[in-house]
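Report on the structure
Spelled out, the chains give:
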Amino acid sequence: MTFFLDRRGALAFVAALTTSLSLFSGVASAQAPAKPAEVRIGFQKYGTLTVLKAKGDLDKRLSAQGIAVKWTEFPAGPQLLEGLNVGSIDFGTVGEAPPIFAQAAGADLVYVANQPPAPTAEALIVPKDSPIKTLADLKGKKVVLNKGSNVHYLLVKLLEKQGLKYTDITVVYLPPADARAAFERGAVDAWVIWDPFLAAAERQLGARVVADGKGVVANHQFYLAERGYADKYPQVVQAIIEELAKLDRWSENNSAAVAALLAPQIGLDLATTEVAAARFAYGIQPITPAIAAEQQKIADAFHALKLIPKPIRIADALPKSITTAAK
């Protein structure tokens, strides 16, 4: 595993985040912040947030303040952010693409923090006996993916790298479980997927990686909150980020324990979990203008392909304390 945030860096980030969160509403209130009855967190089968749930430190911290933590699992980022948009969760983690689709659909979300790039944690795979050897072989083939997920952008960039058009292939949109079923029975030629589903397909099905995200996409993971909740309860969002930073520091010297915690959470054997966890990028970081500009490029690419109905400004989904060159 790779860890990017040392103790000094983590403390500096948390200090900066405190200032950032106090500015979510534009002006910090002089009054004591209101205390919610609960915080509802959406998670998926990957990453630090899932480990945090398993370890229980956040639940203990907030329970002592009379705040319950309700955890809800989602199959992928788009579904998670739909939950945030309709008011069923307050906070969650997703990849680069889902917030763009959600923002285009009118979700009132705000970027809180991100993890460093993990480009090898997603890939385009084919069955072990597939005649597809290179990206060029994808022309005319069926490729399955979860619409609006991180791998959607990976596919766009892989095709672009090969000189293929999006219309040169047939894209089938299915959530991970259904996509795997289609992949196994040969109904599609390739699958663009992320860990731990990627690791499971490699180890259980013998799936072969044609290309991953290395040198193609960053594959950041983002922490997002419903803006109204972040405005009203910044201290809760801050507590989540602080516990994630602590967890990263603990994980640095406990890689075996991380995999042991993750395995039952994601329903995979320990060996497969270790493969997936080794490709995660740990070390929570603040949103920067550079990261926001990267997101804007992705949003512009999706709009150019008519995958989102209108252009969006990533700047509109940032904390008010963040300035960005994104237009």
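Refer to the preceding data block for the structure.
Residues numbered from 1 in each chain as written. Predicted model: local features only at pLDDT ≥ 70, side-chain atom pairs only at ≥ 80, totals over all residues. Heavy atoms only, no water.

Spatially, S3-S2-S4-S11-S5-S13 is the arrangement adopted by the six strands of the open sheet, whose pairing is mixed. The two strands at the open ends of the sheet, each matched to only one other strand, are strand S3 (68-73) and strand S13 (285-286). Sheet topology places strand S2 (residues 38-43) next to S3; six bridges connect them, and they run parallel. Opposite Gly-42, over in S3, you have Thr-72 as the bridge partner. (Pairing = 2+ DSSP bridges. Helix = DSSP H or I, 4+ residues; strand = E, 2+ residues; numbered from the N terminus.)

We now examine the environment of Gln-295. Note on placement: Gln-295 falls in helix H13 (residues 289-304). For the pair formed by Gln-295 and Ile-314, sequence separation is 19 residues and the distance between their alpha carbons is 6.8 Å. Each residue touching Gln-295, except ones within four places of it in the same chain, is listed here: Glu-96, Pro-99, Ile-100, Tyr-111, Phe-222 and Ile-314. (Contact = heavy atoms within 4.5 Å.)

So, about the packing of helix H6 (residues 150-162) against H13. At a minimum axis separation of 11 Å, H6 and H13 run at an interaxial angle of 70°. Classed by the angle they form, the pair H6 and H13 counts as roughly perpendicular. Counting all contacts with H6, which are made through His-152, Tyr-153 and Val-156, the residues of H13 involved are Ile-298, Ala-301 and Phe-302. Of the residues in the contact of H6 with H13, the class split is five nonpolar, one polar and no charged. (Axes fitted to C-alpha atoms, helices over the stretch in contact; angles between N-to-C directions. Parallel < 35°, antiparallel > 145°, perpendicular 65-115°, else oblique. Nonpolar A, V, L, I, M, F, W, Y, C, P; charged D, E, K, R; others polar.)

Close contact between helix H7 (residues 176-184) and helix H8 (residues 197-205) brings their axes to 12 Å; oriented N to C, the two are set at 25°. In terms of axis orientation, H7 runs roughly parallel to H8. Crossing angle aside, the handedness with which H7 passes H8 is right-handed. Facing Pro-176, Arg-180, Phe-183 and Glu-184 of H7, the residues of H8 in contact are Phe-197, Ala-200, Ala-201, Gln-204 and Leu-205. Here the residues of the contact of H7 with H8 sort into six nonpolar, one polar and two charged. (Left-handed = near helix turned anticlockwise from the far one by under 90°.)

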